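Notes for the structure review
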Amino acid sequence: MLSSLRSLLSATKCPATRRCSGFVSRTRYVNRLKEDDVSCAAALQNGRIFLFHRLSPLLQRTERGTFRPAALISSDVQAILERLGSDGSLLRESVLINCSEQNQAQFCLDVGELDQEAVEEECEGNFVDLRKSFFLLSGAEAPLVAQGQALLRWHQTSRFCSATGQPTHRNQAGSQRVCSSSGTVYYPKMSPVVIVLVSDGKRCLLGRQSSFPRGMYSALAGFCDMGESLEEALCREVAEEVGLEVQSISYSSSQHWPFPHSSFMLGCHASVSPTDTQLDVDHTELEDARWFSLEEISSALQVKTPPRRGEPPVLWLPPEHAIGNRLITEWVVRQRESES
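The written sequence of each chain sets the order in which its residues are numbered from 1. Only residues with pLDDT of 70 or above have their local features reported here, since the model is predicted, and side-chain atom pairs are shown and tallied only from 80 upward, although totals for entire chains, interfaces and linings are computed over all residues. The basis for every side-chain value is the complete set of heavy atoms in the structure, and neither hydrogens nor water enter the calculation.

Right, let's talk about helix α3 (residues 37-45) for a bit. Buried residues of α3: C40, A43 and L44, and no others. Projection of α3 onto a plane perpendicular to its axis shows the buried side chains occupying an angular sector of 105 degrees, all on one side. Residues adjacent in sequence count toward polar contacts only when both atoms are side-chain atoms; beyond that, a polar contact is any pair of N or O atoms within 3.5 Å, and within protein one must be able to donate a hydrogen and the other to accept it. Strands here mean DSSP runs of E at least two residues long; helices mean DSSP runs of H or I at least four residues long; both are numbered from the N terminus. The opening residue of α3 is D36, an N-cap whose side-chain oxygen sits 3.0 Å from the backbone nitrogen of V38. Relative accessible area decides the class of each residue, using a 1.4 Å probe on protein chains only: under 20% of the type maximum gives buried, over 50% gives exposed, and in between gives partly exposed. What the arc describes is the spread of directions from the helix axis to the C-beta atoms.

Right, let's talk about the side chain of N325 for a bit. Inspection of the secondary structure puts N325 in helix α10 (residues 323-339). Each residue touching N325, except ones within four places of it in the same chain, is listed here: L301, P318, P319 and E320. By definition in these notes, contact holds between two residues if any of their heavy atoms fall within 4.5 Å.

A separate point is the packing of aromatic side chains. In this analysis, rings of Phe, Tyr and Trp, with Trp reduced to its six-membered ring, are considered paired at centre separations within 6.5 Å, and the interplanar angle assigns stacked below 30 degrees, edge-to-face beyond 60, and tilted for intermediate values. Under the criterion given, the structure shown has five aromatic pairs. A ring pair is formed by F134 and F259, whose centres lie 5.9 Å apart and whose planes are at 65 degrees; its orientation type is edge-to-face. Here F134 is found in the loop between α6 (130-133) and α7 (142-156), whereas its partner F259 is found in the loop between β14 (248-257) and β15 (263-271), with 125 residues between them in sequence. On the basis of relative accessibility, which here comes to 11%, the residue F259 falls in the buried class. When the ring of W257 is compared with that of F259, the centres are 5.7 Å apart and the planes differ by 75 degrees; the resulting orientation is edge-to-face. Taken individually, W257 and F259 each receive the classification buried, so the pair is uniform in this respect. Here the aromatic cluster, defined as three or more aromatic residues joined through ring pairs, consists of F134, W257 and F259. Any Lys NZ or Arg CZ found within 6 Å of a ring centre and within 35 degrees of that ring's normal is scored as a charge over the ring. In this structure, R131 packs its charged tip against the face of F259, placed 3.9 Å from the ring centre. Its end group placed over the ring of Y217, R208 keeps NZ or CZ at 5.9 Å from the ring centre.

Let's shift gears to the nonpolar core. Throughout this description, the term nonpolar core refers to a set of buried Ala, Val, Leu, Ile, Met, Phe, Trp, Tyr and Cys residues connected via side-chain atoms within 4.5 Å. Counting 40 residues, the largest nonpolar core has F134, L197, L206, I297, I328 and W331 as its most contacted members. Listed by contribution, the elements that provide at least two residues to this core are β1 (48-53), β5 (95-99), α7, β11 (191-199), β12 (204-208), α9 (294-301) and α10. It is α7 that contributes the most residues to this core, six residues altogether. Beyond its immediate sequence surroundings of up to four residues, I297 is in contact with C204, L206, F292, L317, I328, W331 and V332. If you look at the next biggest cluster of nonpolar residues, it comprises 27 residues, including L33, A43, L44 and C99.

As structure tokens, this is what we get:
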């Protein structure tokens, strides 16, 4: 454990001042674009645009047969919009996501009002459902389209003030909306969700909802109630869903997750007594939950793509960049270390 901690600390150090200052520079640049409409509008003219169609991201196939989000030059997007008969003002609806290491601003834009096939032909790509795209993209790209979709969804569902009912108006970056009547400022929000991998020392517990694809299992998860701590929410969810009482908890990591409407996933490991592992599954919450051995989980981690329709069912897990997969992988590493 000390060795792992030293590795983590050494990895987080910044031996090169230039590298650290680059991060600071990019962070401050993005913050300035959020606060200055004129600067953001200027950055949009030279920025990169990630297109969505009704919240599905545009993906392009690479020469190696893999997929990547289509990052289009702003001027090219404007030309495509004009060829498809769109009002030129649509480009100004782009929402700021971040900026590249070269300080080029990155935006997202939903073109759902245009014909999907026409846009796909113009851009030489396809709009793919976000859940499916997570299995096609790399770990660095998936969070980018997830953030873009979450921001676009928030704008689509926040057009009116919840207090006055009057329209809200966004700033140029799309980092906030303001009520036209009261001046109340709204910011994009995430709902805290605890996700926990429960272990009895030899096995780990996974569950599935009826909405999951066939054969897919993941760690248990649930929304935090108002006033709850992370620990209280975790213990309650485990008790509610599978009827177990947690003995100990350790925090792992966190992750933004765009489903169902932008969640903030707080990942933990938890242990239960090896003598108290009888499950009492609440089938209003879960379709199924069961214990899995190290061998079963190790095999499931080797399944990189979901089984096709007609193929025999097989246990498979969330994509590699999902926090559920991270928790499961951490558990496997710990089990193998303890065995050795």
